[in-house]
Amino acid sequence: MEIDTFWDVIEAAQAGAAATGELLDEVLVKQLAERPRQEILEYAERFDELHDALYRWDVWAAAHLIGAGAPTTVS
């Protein structure tokens, strides 16, 4: 899945959540479930790629400073 398509999926879920009052993750799951299996797998691959890219100490340190003490470890 191209990066722009990935973010389009996220934006559509955000718009759906805002319109319905549902949680973003619930809307995202519903919208992904309507897509072909291959697109769902491509979405998951892109998500993992982006998640892994952000799983760094400097990003966690910035989140800690911005969040005024947000946890710096993942359980």
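This report concerns the structure included in the present document.

### What to know about the nonpolar core
Met1, Phe6, Val9, Ile10, Ala13, Ala17, Val27, Leu28, Leu32 and Tyr43 form the largest nonpolar core, which has ten residues in total. Every element with two or more residues in this core is listed here: α1 (3-20) and α2 (24-33). When residues in this core are grouped by element, the largest group, five residues, is from α1. With residues up to four places along the chain from it excluded, the contact list for Ala17 reads Glu22, Leu23, Leu24 and Val27.

### Details of the side chain of Arg46
In this structure, Arg46 sits in helix α3 (residues 37-54). By relative accessible area, which is 18% here, Arg46 ends up buried. Not counting residues within four places of it along the chain, the set of residues in contact with Arg46 comprises Met1, Glu2, Ile3 and Phe6.

### Section: the packing of aromatic side chains
A full pass over the atoms with the stated rule returns four aromatic pairs. With centroids separated by 4.9 Å and ring planes inclined at 20 degrees, the aromatic side chains of Phe6 and Tyr43 adopt a geometry described as stacked. In this pair, Phe6 sits in helix α1 while Tyr43 sits in helix α3, placing the two residues 37 residues apart along the sequence. By relative accessible area, Phe6 is classed as buried at 3%. For Tyr43, a relative accessible area of 7% translates into the label buried. An angle of 85 degrees between the planes, with centres 6.0 Å apart, marks the rings of Tyr55 and Trp60 as edge-to-face. Accessibility expressed as a relative area gives 49% for Tyr55, which makes it partly exposed. Site record: aromatic cluster; members linked through ring pairs are Phe6, Trp7, Tyr43 and Phe47.

### A look at the pattern of salt bridges
On inspection of all chains with the given rule, the structure shows four salt bridges. The salt bridge partner of Arg35 is Glu39, with a shortest N-O separation of 2.5 Å. Taking the shortest distance from any N to any O, the salt bridge between Glu49 and Arg46 comes out at 2.8 Å. With a gap of three residues between them, Glu49 and Arg46 both fall in helix α3, about one helical turn apart.

Cut-offs and rules
Counting of residues starts from 1 at the beginning of each chain's written sequence and follows it residue by residue. Per-residue local features of the predicted model are confined to residues with pLDDT of at least 70, and side-chain atom pairs are confined, for both listing and counting, to 80 or more; whole-chain, interface and lining totals are unaffected and use all residues. Hydrogens and waters are ignored; side-chain quantities use all the structure's heavy atoms. We call a set of buried residues a nonpolar core when its members are Ala, Val, Leu, Ile, Met, Phe, Trp, Tyr or Cys and they connect through side-chain atoms within 4.5 Å of each other. Any residue under 20% of the maximum accessible area for its type is buried, any over 50% is exposed, and the rest in between are partly exposed; the area is computed with a 1.4 Å probe on protein chains only. Strands here are runs of E lasting at least two residues and helices are runs of H or I lasting at least four, both read from the DSSP assignment and numbered beginning at the N terminus. Contacts are residue-level and defined by heavy atoms, with any inter-residue pair within 4.5 Å sufficient. For Phe, Tyr and Trp, where Trp contributes only its six-membered ring, two rings pair if their centres lie within 6.5 Å, and the inter-plane angle classes them as stacked under 30 degrees, edge-to-face over 60, or tilted in between. We define a salt bridge as a contact between a side-chain nitrogen of Lys or Arg and a carboxyl oxygen of Asp or Glu at a distance within 4 Å.

Read these as layout, nothing more, since geometry by itself doesn't imply function.
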